[in-house]
Amino acid sequence: MDKNYPPREIEPRWQGFWEKQHTFKVSEESNQPKYYVLEMFPYPSGRIHMGHVRVYAIGDVIARFKRMRGYQVLHPMGWDAFGLPAENAAIKNKVPPAKWTDQNIAAMQDQMKALGLSFDWEREVATCKPEYYRWNQWLFIKMFERGLAYRKEATVNWCPDCATVLANEQVVEGLCWRCDSAVTQKALKQWFFRITDYAEELLSACDTLTGWPERVLTMQRNWIGKSQGVEVNFTLEDPSETLKIFTTRPDTLFGVSFMSIAAEHPLLPKIIAGRKEAPAVEAFVQNLLEQDLTVQTAVEQEKEGVFTGAYATNPLTGDKIPIWVANFVLMGYGTGIVMAVPAHDQRDFEFAQKYELPVKLVIQNETGDLALPLEAAHTDPTGTLVDSQQFSGLAPKSAQEKIMQYVEEKGLGKRETHYRLRDWGISRQRYWGTPIPMIYCENCGVVPVPESDLPIALPQDLPLGEGGNPLLKDENFLNTNCPKCNAPALRESDTMDTFVDSSWYFLRYASPKETEVPVNQGLANRWMPVDQYVGGIEHAVLHLLYARFFTKVVRDIGLINIDEPFSNLLTQGMVIKDGAKMSKSKGNVVDPNHLIQTYGADTARLFSLFAAPPEKDLEWSDDGVQGSFRFLQRVWRLVVAFAESQPALSSDPVDYSSTSTRVKNLRRLTHQTIKKVSSDIEEGYQFNTAIAALMSFYNGLSKDDADKAPSSAEALQHAAAFSQAINTLVILLSPFAPHLAESLWEILGKPASIMDVKWPDYDKSAILEESIEVVIQINGKVRHRFQAEAGTVDAVLQERALADPKTISWIDGKAIRKVFVIKGRLVNIVI
């Protein structure tokens, strides 16, 4: 028997065993409670990185632990396989995207299997396969039928390098999230999903997601951005035209001194028509359209504008209000027109100062000393209204309600609820994605593809890299017949945003072979929602919001009966090396394959789980990797040595009711470790502290040897307790280092795979320490006696001091002193 830990020998063996035995295949016929654990599926780049190792190790520990706890565990894996990276890589390497993607999937699957991950590979999905994306198309058609998918011309974010549209969420600080190119704006006809129809439900349901990090929920709430206020109609010089503004501060309506309109507002050309200001306005607008939305809305962006030469009338005051085009007003938010109150909004104040526009004070502070000219806007919503007609003298909050009521009574506007959330633009002008299943007919208009014709498959072997969307050049793909009138027609050439693929894949895992519908209702209701989802926080307002939206849509179609996809969410931290996130450009990447070849998969897993709590960033450490390997080596040697010399023990239960301190301490250590590791995994996924407890457990066992030939009752008890401790160490270590644990379990002569072993429960009686009497003497007289466990005297004394200060006062939580003075009285603690 090899006394040195041999990971390169044992790991492939057990991986083959699990695969041959279908160890992780999930049976639908089980009375066990279900547990669905899922890590966000990866884009198949061809190589896993340490971030993958960490996130999949986290999910795997949870899956293995729950399985040993008696759950029927669903733990699938698949591939988010469509998208620009594969298309660009295929162009660069002159390989069809499908072939490139398949090669990468095969390579990454081998790497994942080498990590010993407990995936049910029989449920594998790849979003680039027609058997998957046909259901993207099916869902699109159902959404079109329900009015949730529609086409319109819109100003969109355009990446010139990727030659495609980007959703707002895919623009990061003015740059494309994929290639970091500067994003511009472009007017195009696009397909949208009406996610705004679900805005209120998406927002209110955040309160039900008690298993999600508050940081993620805050990001989603802010992105949805609910605002309640009033919409007011300002009139142009032509009274038939109305400019609608929306404000959450109706108490400032009497202080409006100018208006700002979005550059792309459809009324702007009419407003400037025939005016001498038109050329300057048109040049300003063209410059804005070359920027992306996030640049315009950035707090640090200098606020700029141009006067249109036109005026609107404030319906509450009759004042003529100059209309400006401003770079901070967006057509996609509110009405695309904003009233400006410089005295009470800092952005408006700075704009007014820059362009020498009037400032009108309409809220006086509580001390009554505000006066023009102001040095900054007065934004505190306290004080009283001034110069606001019949509303003067009211507090701002009460004035808001009364002014909204007045606006509605006079027909000047109405109360409205607005959301920052915009409809999701899903059209992409690229090849490698799901074709949008729509047909354009001169007679019938826009017509969906019949469901019987699905999937509309991507044509293979198209020439790529010639600029634009190659589907536009493939007449065999484009030309078709109208399904209504049979006249010649054209297919839609845009493909879907790849976030559509990942918005429902977790549902498909419940029935990946289903051929009639995307989701088998009975199986989805069996497995959904996902009990534990694991992935990066960078997806907080992308994938996670879209997945919640799709879940509600699929529910309303009638395929599932749940409202939310993920009961619990764990967002793991990044892997850091040399103070920065690992990346090829920084030259600080650690290759997991090299790590596995050198130290073994169990070491890679153990280090990634031990170096930091899962939600924190993990700082790479070569010493930490070697330390993890040494720990596994020591455990191997301890268990092998025990197996070679373990005494023959009776299978009868051992009576520990009367035994020595040595045996009690050993059993206490064993059951305290069971309790600690179990609670650390189950109550917060504190894997690092669980592993630390296992290291302490090993240290305790390494200092205590089982009697090789027990003869006395005490020796027999100790040998049995030590044998139980060794078995427990291997079982508790198995979710973290499964290959090593399987081998050691076999070396110990156990008949079954350790994956079939029940997770141990701790014995409460074994972890109780002996009770002793504590006597409190004050000025030499016994004042109190009580019983306490030996290790808990400090806590008991503190608790009693808090309950009855006259009995004893506690000194700063420090260790108990046998003799000390409290308020001039000598106090003895006799233990």
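Refer to the preceding data block for the structure.
The numbers attached to residues start from 1 for each chain and follow its sequence in the written order. pLDDT decides what is reported in this predicted model: residues at 70 or higher carry local features, side-chain atom pairs at 80 or more are listed and counted, and totals for whole chains, interfaces and linings draw on all residues regardless. Processing note: side-chain calculations cover all non-hydrogen atoms of the structure and skip hydrogens and water entirely.

Caption draft 1: Representation of the pattern of salt bridges within the structure. When a carboxyl oxygen of Asp or Glu lies within 4 Å of a side-chain nitrogen of Lys or Arg, that pair is called a salt bridge. Applying the stated criterion across every chain, the model contains 42 salt bridges. When the shortest N-O distance is used, the salt bridge between Glu19 and Lys113 registers 3.4 Å. Residue Glu19 is located in helix α1 (residues 7-21), and its partner Lys113 is located in helix α4 (residues 97-114); the two are separated by 94 residues in the primary sequence. To sort residues, take the accessible area from a 1.4 Å probe on protein chains only and compare it with the maximum for the residue type: under 20% means buried, over 50% means exposed, and anything in between is partly exposed. With a relative accessible area of 22%, Lys113 lands in the partly exposed category. Starting at the N terminus, helices and strands are each numbered in turn, a helix being any DSSP run of H or I of at least four residues and a strand any DSSP run of E of at least two.

Caption draft 2: Looking closely at the packing of helix α20 (residues 661-682) against helix α21 (residues 687-702). In this description, a line fitted to the C-alpha atoms serves as the axis of each element, helices being fitted only across the stretch in contact, and the angle between N-to-C directions of two axes falls anywhere from 0 to 180 degrees. α21 packs onto α20 with a crossing angle of 165° between their chain directions and a minimal axis gap of 8 Å. Classified by the angle between their axes, α20 and α21 sit roughly antiparallel to one another. The way α20 lies across α21 gives a crossing that is left-handed. On α21, the residues touching Leu666, Leu669, Thr670, Thr673, Lys676, Val677, Asp680 and Ile681 of α20 are Phe687, Thr689, Ala690, Ala693, Leu694, Phe697, Gly700 and Leu701. Each residue gets one label: Ala, Val, Leu, Ile, Met, Phe, Trp, Tyr, Cys and Pro are nonpolar, Asp, Glu, Lys and Arg are charged, and the others, such as Gly, are polar. Residues that form the contact of α20 with α21 fall into these classes: ten nonpolar, four polar and two charged. The cut-offs work like this: below 35 degrees is roughly parallel, past 145 is roughly antiparallel, 65 to 115 is roughly perpendicular, and the gaps in between are oblique. By definition, turning the near helix anticlockwise from the far helix through less than a right angle yields a left-handed crossing, and turning it clockwise yields a right-handed one. Contacts are residue-level and defined by heavy atoms, with any inter-residue pair within 4.5 Å sufficient.

Caption draft 3: Main features of the environment of Tyr533. Structurally, the position occupied by Tyr533 is in strand β26 (residues 532-535). Its relative accessible area of 0% is what places Tyr533 among the buried residues. The spacing of Tyr533 and Phe506 is 27 residues in sequence and 9.9 Å in space, taken between C-alpha atoms. At 2.6 Å, the side chain of Tyr533 forms a polar contact with the side chain of Tyr505. Polar contacts, as counted here, are pairs of nitrogen or oxygen atoms within 3.5 Å of one another; within protein the pair requires one atom able to donate a hydrogen and one able to accept it, and residues that are adjacent in sequence qualify only if both atoms are side-chain atoms.

Caption draft 4: Here's a closer look at the nonpolar core. Grouped together as the largest cluster of nonpolar side chains are 188 residues, with contacts concentrated most on Phe193, Trp424, Phe506, Phe549 and Phe736. Discounting chain neighbours no more than four positions away, the residues touching Phe193 are Phe140, Met143, Leu148, Ala149, Asp423, Trp424, Ile426, Val500, Phe549 and Phe550. Nonpolar cores are built from buried Ala, Val, Leu, Ile, Met, Phe, Trp, Tyr and Cys residues. Side-chain atoms within 4.5 Å join them into one set. In terms of nonpolar packing, the next biggest core, distinct from the first, is built from 40 residues, Leu243, Phe254, Phe284 and Ile321 among them.

Caption draft 5: Main features of helix α3 (residues 84-93). Looking at α3, one finds that the buried residues are Leu84, Ala86, Glu87, Ala89 and Ala90. In this structure, the buried residues of α3 make contact with α4 and β6 (164-166). Immediately beyond the C-terminal end of α3, within one or two residues, lies Lys94, with a positive phi of roughly 55°.

Caption draft 6: The pairing of strand β13 (residues 305-313), seen in detail. Buried residues dominate β13, accounting for seven of its nine residues. The sheet contact formed by strand β10 (residues 226-236) and β13 spans two bridges and is antiparallel. Pairing of Thr235 across the sheet is with Thr313, part of β13. Relative to strand β14 (residues 320-326), β13 is paired through six bridges, and the arrangement is antiparallel. Paired with Ala312 across the two strands is Ile321, which belongs to β14. Connecting β13 to the next strand, β14, in antiparallel fashion are six residues, including Gly318 with a positive phi near 80°. Whether two strands pair comes down to DSSP finding at least two bridges between them.

Honestly, that's just the spatial picture; any functional story needs more than this.
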